[in-house]
Amino acid sequence: MKTSILRHICLLISLVSIASSCKNAVPVKSEPEDLSEVISLNQGWNFRMEGAQEWMPATVPGCVHTDLIDNEKIEDPFFRNNEKDLQWIDKENWVYQCEFEVSEAQVRHMNSYLKFRGLDTYAKVQLNGIDILEADNMFRCWTVDTKPYLTPGKNTLTITFLSPVTIGLGKLDELGYGLPASNDQSQAGGLDEKKVSVFTRKAPYHYGWDWGPRFVTSGIWRPVELIFTDRAKIEQSFFQVSNLNDIEANIDAIFTIQAALHGEYQLSIRKKGDKQPFATSTLFLETGDNSVTVPFTVQGPRLWWPNGMGEQHLYELEVELRYKDTLVDRLSSKMGIRSIELVREPDSSGTSFYFSVNGQPVFAKGANYIPNDNFLNRVTDEKYEEIVRSAAESNMNMLRVWGGGIYENDIFYELCDKYGIMVWQDFMFACSMYPGDDDFLENVRQEAIQNVMRLQNHPSLAIWVGNNEIDGAWCEGDMNCGWGWKQRYTNKQRKEIWHSYDTLFHHILPDVISLYDPTRDYWPSSPQADWGKHAGYNTLGEGDIHYWGVWHGNAPFSSYFEIVGRFMSEYGFQSLPDKQSIEKFTLPEDWDFESEVLLSHQRSGYGNSRIIDYMKKLYPVPEDFDQLLYIGQVMQAEAIKSAILAHRAAKPHCMGSLYWQLNDCWPSASWSSIDYYTSWKALQYFAKKAYAPVAISFVPGDGTTEVFINSDLWKASDVTVNYSLRDFRGDTLLHESLQAILDPAKGTGVIRLDEKELAGAYELNNLFLDVEIVEGGSLLAKDHYFFVPAKDLALPEALVDFSTKAVNGKLLIELKSDVLVKNLYLWTKDSGSRFSDNYFDLLPGEPVSIELLGGTKGMEIHTMNLNSIILASEN
């Protein structure tokens, strides 16, 4: 990492956004002369391949792949097998250039600097032909002094992006041996076994993963700004809660202020709309970066709570900085007041692992989150909101930002603040070992500092975690555990590789957290049993667990009830997208599980055949492609529902359930519950019910079925549990009621049935257990359970009464049947619509009303159900 001029640590904050043409760089919004002038340089860019003559228009923020698409130089990378024909792009260097105007008055400002909020990744930057920066980290922001180089009139900014693959190959040769990188799809990139992703601080998933393609991008992926200032500018703010009780909250407002002119300044903090400030302070600022702390108190604080526990109150604050009574900077920010900690205390099961918010234990309900696209500039604010809102609507309260993607854009964390979604934040390291040279480690340290300071003010941010799965994969100290990595190396190499890991994850990263974000916990790797102790299925009493016995281990769904740790931070099961989504990236000849195209969009190797293997055990395997997709989604949903409810029944031993994964980065078969086009799979509907505040778990045992009731409500309550045995034509064969305590502190077993006794009295293939929880006449939860696999159910012919009506601007679908209709699926050909519920069991004699969201009256609605598929398979 080199630069020819002084660099400042770039502290990302919410700056005044003034859009302008890069070629005609004038601010959209006129600012007083004593305020900093911030000019966007996101327009007017052109690009070319190095050595080529043709310049083409470019989009900033963007990347070379999307610029080539926009200029019709390449086909849609996601369509069919186009991916394999586009691997040449990452072997080339790419040049971006922009011209902009600067006035005489702007040149006379005391300070001017360029702020690159994201360069992907190896970038040589020139201003007016002079080298000013060499960047080498996608995750860092770069600030460059431009005062010596700007001229009145036209200025030219040129950025040359060097091939990350070529540089990676050089670093691999320099090290002398390769490092483990299990998901680096080097062969797809034409590199054989030369895995170079670990040498570059760039989103690991760009090099491929077991759910995503290989597109190693380059480009200006976040905004560029030119900033002029004469006095001082607030670069970063952090409102840290130092003490909190019911009466007041003590806040330390920590600011980083860049001063062009030293001297005495006045700073004030007020709630938006209030005349009286929370605090005022006189500061003496030195030239350069200054860190200052201003304490203040909020009386009767309104707290920020996770989704489902209370409101997500955010204080809107205005911070003003004055020099000799002249306003020189103004900053708007939001503050959420709350306490949060990871509680790890000895108990009867081992050591607890749960989050406490404002003193209240929280059962974490949610999913793992990956980037929404391989080409990050295509992710709109609207798509971010659709994904986070879907999580909140599905009763989730936590998302894990997985370590193979990116430190997300500010909008993601703002939405998590808004919707009450706690964020488990990995640092960007996953499933690989990394170099340990001084330059690499210092680069990572600066990356960590910048991103910790950028994100620390979000109340949704719950924990920092060093990496994804590396501790368990390497498994230091035991040659018989891990993923087989250690065995490839000599003793000397093993010591070098482990020393690099130990330095990075046990020293550098925790030291950064301790210094810059001391109120949050740091956990070195996920999964891990404890510091220095590897996670495994024999360490269920401590730490967090990634359970992949189901799927990778081909274990039955019932094992979800047997392998339950303190916090289940990964587990999953695959499905393909629905037919409407598949039609967008395939042709009709591709509509086969074993077609070349669908297999190329399946990165789990045996994935499609694994789906069929499970299906043979549990469901009929239809020949019809559409029905195969449908059953695959239902099977995935049933698997993950079982896991979620197993974890909730085990409360307080288990205090978190985050399935893999919420979303997709491209259209493919994967573990997601929301596909690339934001269509909800069956799993998303099932997760919404399984994560409901009150839920019912059916726990299979050795010849028994036990029913647990689970609650995330604030208080325990006396409830009535009604349960019935019913056949598929609606006859009630047994009905009982009992009184129970619905206890939010634990899952409570209330019913235990002997399946041998049931089999002696009833036909189990024509029987289901129907359970409901009632409090004071109000239905809190209702669910049901089948005693045999779906393929063995004696389902009758489905006859559904179907009607639609408009009520208060909503389009409602009324459904009713005299018999059980299993997994009724509704769909339209409008990809912009979905239903309020789907893939549900329509119970005999119980009408259901479903809302069509985003649809219009007269839209054709199609249906599918398991009854008809099973009956057809028997004929």
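Residues numbered from 1 in each chain as written. Predicted model: local features only at pLDDT ≥ 70, side-chain atom pairs only at ≥ 80, totals over all residues. Heavy atoms only, no water.

(A) Layout of the overall build of the protein. Assigned secondary structure in the protein consists of 15 helices and 47 strands. Considering only C-alpha atoms, the protein reaches an extent of 90 × 65 × 65 Å along its principal axes. For the protein, the residues scored as buried account for 61% of the 875 residues in total. Taking the contacts inside the protein whose residues are at least 6 apart along the sequence as the reference set, 70% of them involve residues at least 24 apart. With an accessible surface of roughly 32,900 Å², the protein has 47% of that area assigned to carbon and sulfur atoms. Taken together, the 79 basic and 120 acidic charged side chains of the protein have centroids lying 2 Å from each other. (Helix = DSSP H or I, 4+ residues; strand = E, 2+ residues; numbered from the N terminus. Buried < 20%, exposed > 50% of the residue type's maximum accessible area, 1.4 Å probe, protein only. Contact = heavy atoms within 4.5 Å. Areas by Shrake-Rupley, 256 points an atom, 1.4 Å probe, with all protein chains shown as cover. Lys, Arg positive; Asp, Glu negative; His and termini not counted. Charge placed at Lys NZ, Arg CZ, Asp CG, Glu CD.)

(B) Structural detail: the state of the cysteines. If you walk through the whole model with that rule in mind, you get one disulfide. Between Cys475 and Cys481 runs a disulfide, and the two sulfur atoms are separated by 1.6 Å. Given an S-S torsion of about -100 degrees, the disulfide between Cys475 and Cys481 has left-handed geometry. When sorted by exposure, Cys475 lands in the same class as Cys481, which is buried. (Disulfide = S-S within 2.5 Å.)

(C) Local environment of the packing of helix 6 (residues 438–455) against helix 8 (residues 491–516). Running from N to C, helix 6 and helix 8 point in directions that differ by 35 degrees, and their axes come no closer than 10 Å. Two packed elements cross with a definite hand, and for helix 6 against helix 8 that hand is right-handed. On helix 8, the residues that touch Leu441, Val444, Arg445, Ala448, Ile449, Val452 and Met453 of helix 6 are Thr503, Leu504, Ile508, Leu509, Val512, Ile513 and Tyr516. Counted by class, the contact of helix 6 with helix 8 contains twelve nonpolar, one polar and one charged residues. (Axes fitted to C-alpha atoms, helices over the stretch in contact; angles between N-to-C directions. Left-handed = near helix turned anticlockwise from the far one by under 90°. Nonpolar A, V, L, I, M, F, W, Y, C, P; charged D, E, K, R; others polar.)

(D) Structural context of the environment of Ile220. Mapped onto the fold, Ile220 is located in strand 12 (residues 219–220). Residue classification places Ile220 among the buried positions, given a relative accessible area of 2%. With 328 residues separating them in the primary sequence, Ile220 and Trp548 have C-alpha atoms 37 Å apart. Excluding residues that lie within four positions of it along the chain, Ile220 makes contacts with Trp45, Val60, Pro61, Gly62, Tyr96, Gly118, Leu119, Ile159 and Phe161.

(E) Spotlight on the side chain of Asn250. Along the chain, Asn250 turns up in strand 15 (residues 248–259). Accessibility expressed as a relative area gives 19% for Asn250, which makes it buried. A polar contact is formed between the side chain of Asn250 and the side chain of Thr297, at a distance of 3.2 Å. (Polar contact = N/O pair within 3.5 Å; in protein donor to acceptor, adjacent residues only side chain to side chain.)

(F) Main features of the side chain of Asn82. Within the secondary structure, Asn82 sits in the loop between helix 1 (64–70) and strand 5 (94–102). Judged by its relative accessible area of 18%, Asn82 is buried. Look past the residues within four positions of Asn82 in its chain and what remains in contact with it is Glu75, Asp76 and Pro77.

(G) Seen up close, the nonpolar core. Phe116, Leu119, Phe412, Phe427 and Tyr659 are the most contacted members of the largest nonpolar core, which has 197 residues in total. The element best represented in this core is helix 12 (residues 625–649), accounting for 13 residues. Excluding anything up to four places from it in sequence, Phe116 contacts Val125, Leu133, Arg140, Cys141, Trp142, Val144, Leu157, Ile159, Pro223 and Val224. Residues Ile251, Trp305, Tyr323 and Ile340 belong to the second largest nonpolar core, which totals 50 residues. (Core = buried A, V, L, I, M, F, W, Y, C linked by side-chain atoms within 4.5 Å.)

(H) Representation of a negative patch on the surface in the model. Together, Glu174, Asp437, Asp438 and Asp439 line one region of the surface with negative charge. Positionally, Asp438 belongs in helix 6. According to the relative accessible area criterion, Asp438 is exposed, its value standing at 64%. (Patch = residues over 30% accessible without salt bridge, like charges linked within 9 Å, V, L, I, M, F, W, Y side chains within 5 Å. Salt bridge = Lys/Arg side-chain N within 4 Å of Asp/Glu carboxyl O.)

(I) The pattern of salt bridges, seen in detail. What the rule picks out here adds up to 45 salt bridges. With a closest N to O distance of 2.9 Å, Asp530 and Arg344 form a salt bridge. Of this pair, Asp530 sits in the loop between strand 30 (521–523) and strand 31 (545–546) while Arg344 is found in the loop between strand 21 (340–343) and strand 22 (346–347), placing the two residues 186 residues apart along the sequence. Residue classification places Asp530 among the partly exposed residues on the basis of a relative accessible area of 23%. Here Glu570 makes a salt bridge to Arg400, at a shortest N to O gap of 2.9 Å. In this pair, Glu570 sits in strand 32 (residues 568–570) while Arg400 sits in strand 27 (residues 398–401), placing the two residues 170 residues apart along the sequence. One network of salt bridges, in which partners are shared, links Lys365, Arg648, Lys651 and Asp712.

(J) The arrangement of the sheet that holds strand 11 (residues 153–161) in detail. The sheet built from six strands is open, its strands ordered 4-3-5-11-8-9 with antiparallel pairing. The open sheet has two free edges, formed respectively by strand 4 (56–57) and strand 9 (130–136), since each of these has just one partner strand. Where strand 3 (residues 46–49) meets strand 5, four bridges bridge the pair, whose relative direction is antiparallel. In the strand pairing of strand 5, Arg48 is matched with Val95. (Pairing = 2+ DSSP bridges.)

(K) The sheet that holds strand 40 (residues 778–786), seen in detail. In space, the four strands of this open sheet follow the order 37-36-39-40, with antiparallel pairing throughout. Edge positions in the open sheet fall to strand 37 (732–742) and strand 40, since each of these has one partner strand only. Neighbour to neighbour, the strand axes of the sheet diverge by 20 degrees on average, direction disregarded. Examined bridge by bridge, strand 36 (residues 717–726) and strand 39 (residues 768–775) share seven bridges and lie antiparallel to one another. Across the sheet, the residue bridging to Val721 is Ile773, located in strand 39.

(L) Layout of unusual backbone geometry. With omega at 10 degrees, the peptide bond leading from Lys651 into Pro652 counts as cis. Of note, Pro652 is situated in the loop between helix 12 and strand 33 (656–659). Residues Trp660 and Gln661 are joined by a peptide bond in cis, for which omega reads 10 degrees. Within the fold, Gln661 resides in the loop between strand 33 and helix 13 (682–690). Phi at Asn395 takes a positive value of approximately 65 degrees, unusual for a residue other than glycine. Overall, the relative accessible area of 21% leaves Asn395 in the partly exposed class.

(M) Fine view of the environment of Lys579. Within the secondary structure layout, Lys579 lies in helix 9 (residues 579–582). Sequence-wise, Lys579 and Leu629 are 50 residues apart; in three dimensions their C-alpha atoms are separated by 7.2 Å. Residues within four places of Lys579 in sequence aside, it is in contact with Trp591, Phe625, Asp626 and Leu629. A polar side-chain atom of Lys579 sits 2.9 Å from a polar atom in the side chain of Asp626.

Note that every value here comes from positions in space, so none of it alone points to a role or purpose.
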